[in-house]
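Fold and geometry: a report
In case you want the letters, here they are:
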Amino acid sequence: MTKEEKYENLLAQVKAFADAENDEIALMANVAALIHETMGFWWTGFYRVVGQELVLGPFQGPVACTRIKFGRGVCGTAWKEKRTIIVDDVEQFPGHIACSSASKSEIVVPIFSDGNVIAELDIDSEKLSTFDKIDKNYLEKITMLYLSPKSMVLR
Ligand code: SME
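Before going into details, it helps to say that this report is about the structure given with it. (Residues numbered from 1 in each chain as written. Predicted model: local features only at pLDDT ≥ 70, side-chain atom pairs only at ≥ 80, totals over all residues. Heavy atoms only, no water.)

**Examining the site of the ligand**
Near the ligand there are 13 residues, and of these V74, C75, I97, E106 and D124 occur at the shortest range. I97 places a main-chain nitrogen or oxygen 2.8 Å from a nitrogen atom of the ligand. Contact between the ligand and E106: a nitrogen atom at 3.0 Å from a side-chain N or O atom of the residue. Protein coverage of the free-state accessible area of the ligand, which is 310 Å², stands at 99%. The set of elements that each furnish at least two residues to the shell around the ligand consists of strand 1 (43-50), helix 3 (73-81) and strand 6 (116-125). Its residues assigned to classes, the shell around the ligand comprises 8 nonpolar, 2 polar and 3 charged. (Near = heavy atom within 4 Å. Polar contact = N/O pair within 3.5 Å; in protein donor to acceptor, adjacent residues only side chain to side chain. Areas by Shrake-Rupley, 256 points an atom, 1.4 Å probe, with all protein chains shown as cover. Helix = DSSP H or I, 4+ residues; strand = E, 2+ residues; numbered from the N terminus. Nonpolar A, V, L, I, M, F, W, Y, C, P; charged D, E, K, R; others polar.)

This is the structure:
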């Protein structure tokens, strides 16, 4: 299966779970598991904005840092810059927070509510340069269609 085919399968599965459940934590938990299992990543999970920090949410993979400050690491930078960030080699990213030394590349996709970042999808790979435009497009689609508060209310 190509990466696109895997993501198309994933989209259909996420839609089925999202149609059946609108509790955001329950949905994040199953979406993390679906992405992780379907794509075979090293670590897949969510951080939620709570006050001035990102706090660890549902995830699959090894234990991770529980709190990240605004502007810190890849996650805090994606929050500050309000955009998806792809890092080909985490060792080259200034301030990268190493939750696991096995992690080599990373993508962080913010989830928005009325233009504010309210959560993030964070995925780590144990290989360099894992993530590209295809991952960005599909993961942004998943977060926008199924995890943004607006999409939850509309369903
Ligand atoms: N590497 C991230 C921290 C979170 S873990 O990868 C799960 C960062 O630099 O923000």
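**Describing the nonpolar core**
Counting residues in each nonpolar core, the largest one holds 26 residues, and the members touching the most others are L10, V31, I35, F46, I123, L139 and L147. Broken down by secondary-structure element, the contributors of at least two residues to this core are helix 1 (3-20), helix 2 (24-39), strand 5 (105-113), strand 6 and helix 4 (133-147). The element contributing the most residues to this core is helix 2, with 7 residues. Those residues in contact with V31, other than ones at most four positions away along the chain, are V14, F46, I142 and L147. (Core = buried A, V, L, I, M, F, W, Y, C linked by side-chain atoms within 4.5 Å. Buried < 20%, exposed > 50% of the residue type's maximum accessible area, 1.4 Å probe, protein only. Contact = heavy atoms within 4.5 Å.)

**Points about the sheet that holds strand 4 (residues 85-87)**
In spatial order, the strands read 3-2-1-6-5-4; together these 6 strands make up an open sheet with antiparallel pairing. Whereas interior strands pair on both sides, the edge strands pair on one side only; in this sheet they are strand 3 (67-69) and strand 4. Averaged over all neighbouring strand pairs, the angle between strand axes comes to 25°, with direction disregarded. Of the pairings in the sheet, the one linking strand 2 (residues 53-60) to strand 3 comprises 3 bridges and is antiparallel in character. From the neighbouring strand, L54 faces strand 3, where its bridge partner is I68. Contacting strand 1, strand 2 and strand 6, helix 2 runs over the sheet at an angle of about 155° to strand 1. Lying on the sheet, helix 4 is in contact with strand 1, strand 4, strand 5 and strand 6; it crosses strand 5 at an angle near 30°. (Pairing = 2+ DSSP bridges. Axes fitted to C-alpha atoms, helices over the stretch in contact; angles between N-to-C directions.)

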